[in-house]
Amino acid sequence: MAGHSQFKNIMHRKGRQDAMKSKLFGKLAREITVAAKLGTPDPAMNPRLRAAIIAARAENMPKDNIERAIKKAAGNDAETYDEMRYEGYGPGGVAVIVEVLTDNRNRTASDVRSYFTKSGGNLAETGAVSFMFDRVGVIEFGPDVASADAMLEAAIEAGADDVASDQDGHEIYASQETYREVAKALEQTFGEPRKAALVWKPQNSVAVDDEQAEKLFKLIESLEEHDDVQHVYANFEVSEAAMAKMGT
């Protein structure tokens, strides 16, 4: 997840978080509604809904908004969204996975394809790049909940597969099959995580130069600003110098 974390850091430096908050709340609400509609409206019995609510809380989404999104799933007027995954190559040959919830497949496919084309990349068939990623569960905690050693020990005890800790926090990885149990065990020790979800984790990273990184970040930014796009994953690495240059 290093590449995507780098992108998030740059967007934070640019101060884009507040500007995107309203759009983000809309995406979070859409995921909550879909999760509640596909399962039970009780987050204790619906892991996907619980993950969506945790994500919403992490972004300080108001409780009323969360409850309204859950109730919307029970109504007859709730929109129907299709879950789609697009895969392609961005600048520098970076593999990109785009997850969407859309009420108009043709519109979304056209928009996503145009973003890839404008960046000098290309949209590919489903499965073209996902084999370069692992589908795993990630549980994230802030840096203050525990030391790196304490988190590693607790994660091993909980049955996690890998832990990455730095000044931004702790990322604990578990298999798709075990991550909910791992998340539950860690939550009992450290409290509610700031994230608990299934993600696409790159198996390897592709180094990109400054010019490619700038084009790649424009592609990711365009994708993430699209109303239908829920998540973007990419397997890139950029230098600290490039991050500093783009973060100014």
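For the structure itself, consult the block above.
Values in this document were obtained by computation on a predicted structure and should not be read as measured data.

Procedures and definitions
- Residues numbered from 1 in each chain as written.
- Predicted model: local features only at pLDDT ≥ 70, side-chain atom pairs only at ≥ 80, totals over all residues.
- Heavy atoms only, no water.
- Helix = DSSP H or I, 4+ residues; strand = E, 2+ residues; numbered from the N terminus.
- Expected span 1.5 Å × (residues − 1).
- Buried < 20%, exposed > 50% of the residue type's maximum accessible area, 1.4 Å probe, protein only.
- Arc of directions from axis to C-beta.
- Salt bridge = Lys/Arg side-chain N within 4 Å of Asp/Glu carboxyl O.
- Pairing = 2+ DSSP bridges.
- Core = buried A, V, L, I, M, F, W, Y, C linked by side-chain atoms within 4.5 Å.

Student: Can you walk me through helix 8 (residues 179-190) in this structure?
Tutor: One turn of the α-helix equals 3.6 residues, which is why residues spaced by three or four share an orientation. The first and last C-alpha atoms of helix 8 sit 16 Å apart over 12 residues, in line with the 16 Å expected at 1.5 Å per residue. Listed as buried for helix 8 are Tyr179, Val182, Ala183, Leu186 and Phe190. One side of helix 8 carries all its buried residues, which in axial view fall inside an arc of 100 degrees. In this structure, helix 8 carries Glu181 and Gln188 as exposed residues pointing more than 90 degrees from its buried face.

Student: Would you mind going over the pattern of salt bridges with me for this structure?
Tutor: Where charged atoms from two side chains of opposite charge come close, those side chains can pair. In the structure shown here, the tally under the stated rule is 16 salt bridges. We note a salt bridge from Arg50 to Glu187, for which the minimum N-O separation is 2.4 Å. Of the two residues, Arg50 is situated in helix 4 (residues 47-58) and Glu187 in helix 8; the sequence distance between them amounts to 137 residues. Judged by its relative accessible area of 26%, Arg50 is partly exposed. Measuring nitrogen to oxygen at the nearest pair gives 3.1 Å for the salt bridge that ties Asp82 to Arg105. Here the residue Asp82 occupies a position in strand 1 (residues 82-89), and Arg105 occupies one in helix 6 (residues 105-118), the gap between them amounting to 23 residues.

Student: Hey, could you run me through the pairing of strand 5 (residues 162-166) in this one?
Tutor: Remark: a regular strand shows side chains that alternate across the two faces of the sheet. Sheet topology places strand 5 next to strand 6 (residues 169-175); 5 bridges connect them, and they run antiparallel. Residue pairing across strands places Asp166 opposite Gly169, the latter belonging to strand 6. Linkage of strand 5 to strand 6, two consecutive antiparallel strands, is achieved through a turn of 2 residues.

Student: Can you walk me through the nonpolar core in this structure?
Tutor: Most often, soluble globular proteins keep nonpolar side chains buried together rather than apart. If you look at the biggest cluster of nonpolar residues, it comprises 22 residues, and the most contacted ones within it are Val96, Val98, Phe116, Leu223, Phe236 and Val238. Put simply, the parts of the chain that give this core at least two residues each are strand 2 (95-102), helix 6, helix 9 (210-225), strand 9 (229-234) and helix 10 (240-247). Counting 15 residues, the second-largest nonpolar core is a separate cluster that includes Ala146, Met151, Ala154 and Ile172.

Student: Hey, could you run me through unusual backbone geometry in this one?
Tutor: One non-glycine residue, Asn60, lies in positive phi territory at about 60 degrees. Here Asn60 shows up in the loop between helix 4 and helix 5 (63-74).

Scope: geometric values only; no functional claims are made or implied.
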